[in-house]
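# Commentary on secondary and tertiary structure
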Amino acid sequence: MSDLVLRNICYRYPKTRQMVLHEINATFREGTVTSIRGQSGAGKSTLLYLIAGIDHPVSGQLLWDNTPVTDLSAYRRNVVSIISQSYLLFPTRTVLENVCYPLHLKKHPHNEAAEEAKQLLQSVGIDKKLYDRLPEKLSGGEQQRVAIARCLATNSKIIAADEPTGNLDEENTQIIVKLLQRLAHKNKKTVIVVTHDPAVAQMADKQLQLAAGNLIDE
Ligand SMILES: Nc1ncnc2c1ncn2[C@@H]1O[C@H](COP(=O)(O)OP(=O)(O)O)[C@@H](O)[C@H]1O
Ligand SMILES: [Mg+2]
C-alpha cells in the first residue's frame, strides 16, 4: 500500500516571518478520503500546495511509498494532481480537449486518447452533448466534474482537492462528494480534501482540523 506521510512539516512564505504551518505530521492512506477542515487563513491551501508538490517545506519531509520525495517535478508528473474551487479548465479548449490534454502529454495516440477521455467523462456523469462545448458554457457542477475527469486522465495516485465544492450548491456538492468517495474506495486513490464546509468534511474516512497552522486529529 502506498501511503503519503508528512513528517514534521513547517512552512513560512518567502520574505515573511511568521510560520504558517507548524510541525505537521499526518498519514494519508491509499483508498481513503481525508478531509482537512479549518477557518479561512488557517493554512489549508498552503498545506495542500505542499502536498501537491508545488513548493518545498521549509523543514520536514514528504514521504511517498516510504521514500522521501526529493524530485518535486517528477512527483507532480507521476503521483499527484490537484483540483480547485475555480476548476482551472483551459477556457479556449472544449470539454473533450480539456480531458484529452494530459493523455496527449503522456503521448497516447489521438484516437485512443479521445476514447479514454470519453469514458472518463461518462464516469463522472457528463453527457455526450457537452463534449464540444467550451467550459464557460457549463454549470459550475459540470465544470468541476470535467476537472475531476481531467485529473483522472493524469492517472495520479493522490488527488488533492482545494475547496472542490466551494462554488457549488448543495445538490452539486453531494455529487462531487460521492464522486471523491468513489475514487478512493473503488479506484484506490488517496483523496485529500480541504474544505471549510463541515458537511463535506464529515463525509471523509478520516477528519483532520487545521487551526492556526497546527493539525489536529478529530
Ligand atoms: N503568497 C503568500 N505570501 C505570504 N503569506 C501568504 C501567502 N499566501 C497565503 N499567505 C498567508 O498564509 C496564511 C494561510 O493562508 P492559506 O493557506 O491560504 O489559508 P486557508 O486556505 O486556510 O484559508 C494566511 O495568514 C495567509 O495570509
Ligand atoms: Mg484556501
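The notes below deal with the structure included here. (Residues numbered from 1 in each chain as written. Chains lettered and ligands numbered in written order. Predicted model: local features only at pLDDT ≥ 70, side-chain atom pairs only at ≥ 80, totals over all residues. Heavy atoms only, no water.)

### Examining the overall build of the chain
When you go through the chain residue by residue, the secondary structure sums to seven helices and ten strands. For the chain, the spread of C-alpha atoms along the principal axes amounts to about 50 × 35 × 35 Å. The burial tally for the chain puts 48% of its 218 residues in the buried class. Of all intrachain contacts in the chain linking residues separated by at least 6 positions in sequence, the fraction that spans at least 24 positions is 70%. Just so you have it, the chain exposes about 11100 Å², and 47% of that area is on carbon and sulfur atoms. Distance between charge centres in the chain, computed from 26 positive and 23 negative side chains, equals 3 Å. (Helix = DSSP H or I, 4+ residues; strand = E, 2+ residues; numbered from the N terminus. Buried < 20%, exposed > 50% of the residue type's maximum accessible area, 1.4 Å probe, protein only. Contact = heavy atoms within 4.5 Å. Areas by Shrake-Rupley, 256 points an atom, 1.4 Å probe, with all protein chains shown as cover. Lys, Arg positive; Asp, Glu negative; His and termini not counted. Charge placed at Lys NZ, Arg CZ, Asp CG, Glu CD.)

### Some remarks on the pairing of strand 6 (residues 80-84)
Residues in a regular strand point their side chains to alternate faces of the sheet. In terms of burial, strand 6 is a largely internal element, four of the five residues being buried. Relative to strand 7 (residues 158-162), strand 6 runs parallel, the two sharing five bridges. Looking across to strand 7, one finds that Ser81 is bridged to Ile159. (Pairing = 2+ DSSP bridges.)

### Let's talk about the sheet that holds strand 4 (residues 59-64)
The strand order across the open sheet formed by four strands is 2-1-4-5, and the pairing between neighbours is antiparallel. The open sheet has two edge strands, strand 2 (21-28) and strand 5 (67-68), and neither has a second partner. Where strand 1 (residues 4-11) meets strand 4, five bridges bridge the pair, whose relative direction is antiparallel. Note that in strand 4 the partner of Leu6 across the bridge is Leu62. On the sheet, helix 1 (residues 44-51) packs against strand 1, strand 2 and strand 4 and is oriented at approximately 125° with respect to strand 1. (Axes fitted to C-alpha atoms, helices over the stretch in contact; angles between N-to-C directions.)

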